[in-house]
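As a plain string of letters, each chain reads:
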Amino acid sequence: MKSGLKLGLIGCGKMGRALIEGALRDEIVSPGDVYVSSRTASAIQLITSELGVTALESNLEVARRCDVVLLCTKPTDIPLVLLELANESDCLTNTLLVSAAAGLTIEEQEKFLPIGVRFVRCMPNTPALIGQGAAAYSLGSSATDADAELTCKILGASGSVIEVKEHLINAVTGVSGSGPAYVYTFIEAMVDGGVAEGLSRSQALELAVRTVQGAASMVAETGLHPAMLRDMVTSPGGTTIEALCTLEEHGFRAAVTGAVRAASKKAEEMGRGGKG
Ligand SMILES: NC(=O)c1ccc[n+]([C@@H]2O[C@H](COP(=O)([O-])OP(=O)(O)OC[C@H]3O[C@@H](n4cnc5c(N)ncnc54)[C@H](OP(=O)(O)O)[C@@H]3O)[C@@H](O)[C@H]2O)c1
């Protein structure tokens, strides 16, 4: 292992595990340099036995031991965790905290911490689990350029990462944080359509998944506007335009745009103390 970085995780759920797996897969860190804590023994046992990382007695111990700590509890649990760490603030002297909590602003999280603690707010997504994540982050008031680099390195191990101004993080939640769920629903609906037309479920699933992957790669690799790519496959009087008209009749575009905006708005409400 090259870096000697010690990486911590507080909250061993879906998101935290995905980020740790990415860091291990990309060899940003070795299992022996990853320390974790969580509320429930079963979550800790799963991650330690499957990834070979080390569980510590408490969140405080993780912060004390690590250079960077990923905070991956639910947003409602974040204040408690931050207060716990702040009570023994010596444990934060050399630690960068990276919080994935949806909706909570930097200010709302930093207010629980002593001034000067290096803090980053990020919004990853679960395809990080297979190295295909899309993440964004914003730096807290005391975070440095080196912290930005470190954040990019850790999040970048699980996919792509961009820096955004903090007021845009809720928009990121709407597009990529919650986005995988929209795509899963789209795939499921395509499969149902295929089954209704006589394909077996496995045939339809294979075709739908490859189609979504292929179309996404076309956008990424050609750099062409999605509308241009769509027009290129839409022959006059053909099958595709029939399908597109049906999608429009059912408000497909408005539904997707509305979904992104609803998730962004919900994230904003969660930050204002609404229930997540
Ligand atoms: N899932 C996503 O797609 C996604 C995407 C972007 C961002 N996020 C953000 O990532 C964070 C984690 O989400 P998730 O889906 O991974 O949630 P999750 O699966 O519920 O995991 C949260 C984990 O935190 C543990 N925890 C709760 N309180 C704790 C405490 N005081 N100390 C230590 N551990 C504690 C929970 O323990 P228990 O097992 O006892 O509940 C659970 O294992 C959230 O803030 C969410 O907004 C998630």
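How each quantity is defined
In this convention, every chain numbers its residues from 1, walking through the sequence in written order. Predicted model: local features are reported for residues with pLDDT of at least 70 only, side-chain atom pairs are reported and counted for 80 or more only, and whole-chain, interface and lining totals are derived from all residues. Only heavy atoms go into the side-chain values, all of them from the structure, while hydrogens and water stay out. Exposure categories follow from relative accessible area, calculated using a 1.4 Å probe and restricted to protein chains: below 20% of the type maximum is buried, above 50% is exposed, and the middle band is partly exposed. Counting from the N terminus, the helices are the DSSP runs of H or I reaching at least four residues and the strands are the DSSP runs of E reaching at least two. Here the rule is simple: two strands pair whenever DSSP picks up at least two bridges between them. Throughout, right-handed denotes a crossover for which the path from the first strand over the helix to the second runs clockwise when the strands point away from the viewer. Lines fitted to C-alpha atoms define the axes, with helix axes restricted to the stretch in contact, and inter-axis angles between N-to-C directions lie between 0 and 180 degrees. By definition in this entry, angles of less than 35 degrees are roughly parallel, angles greater than 145 are roughly antiparallel, angles of 65 to 115 are roughly perpendicular, and the rest are oblique. Note: crossing handedness is left-handed where the near helix turns anticlockwise from the far helix by less than a right angle, and right-handed where it turns clockwise. A contact between two residues is defined here by any heavy atoms of the two lying within 4.5 Å. Domain delimitation follows an automatic or database domain assignment. Buried area: the sum, over both parts, of the accessible surface (1.4 Å probe) that disappears when the two are put together. Any carboxyl oxygen of Asp or Glu that lies within 4 Å of a side-chain nitrogen of Lys or Arg is treated as forming a salt bridge with it. Between N or O atoms, a polar contact is any pair within 3.5 Å; within protein, one atom must be a potential hydrogen donor and the other a potential acceptor, and residues adjacent in sequence are included only when both atoms are from side chains.

Caption draft 1: Structural view of the pairing of strand β2 (residues 34-37). Burial of the side chains of β2 extends over both faces: V34 and V36 are buried on one face and Y35 and S37 on the other. Examined bridge by bridge, strand β1 (residues 7-10) and β2 share four bridges and lie parallel to one another. The residue of β2 that forms the bridge with I10 is S37. Handedness of the β-α-β unit built from β1, helix α1 (residues 14-25) and β2 comes out right-handed. Relative to strand β3 (residues 54-55), β2 runs parallel, the two sharing two bridges. In the sheet register, V36 faces β3, and the bridge partner there is A55. Remark: the β2/helix α2 (residues 41-51)/β3 crossover connection has right-handed handedness.

Caption draft 2: Looking closely at the packing of helix α8 (residues 179-196) against helix α9 (residues 201-222). Where α8 contacts α9, the axes come no closer than 8 Å and their chain directions differ by 135°. Classified by the angle between their axes, α8 and α9 sit oblique to one another. The two elements α8 and α9 meet at a crossing, and its hand is right-handed. Here V183, F186, I187, M190, V191, D192, G194 and V195 of α8 lie close against α9, whose contacting residues are R201, A204, L205, A208, V209, T211 and V212.

Caption draft 3: Representation of the domain arrangement of the protein within the structure. What the domain assignment lists for the protein is domain 1 (7-169) and domain 2 (179-271). Taken together, the contact between domain 1 and domain 2 spans eight residues of the former and five residues of the latter. Between domain 1 and domain 2 lies a buried interface of about 430 Å² when both sides are counted; carbon and sulfur atoms form 63% of it. Inspection of the region where domain 1 meets domain 2 yields zero salt bridges. Linking domain 1 with domain 2 are zero residue pairs in polar contact (both at pLDDT 80 or more), by the criterion used here.

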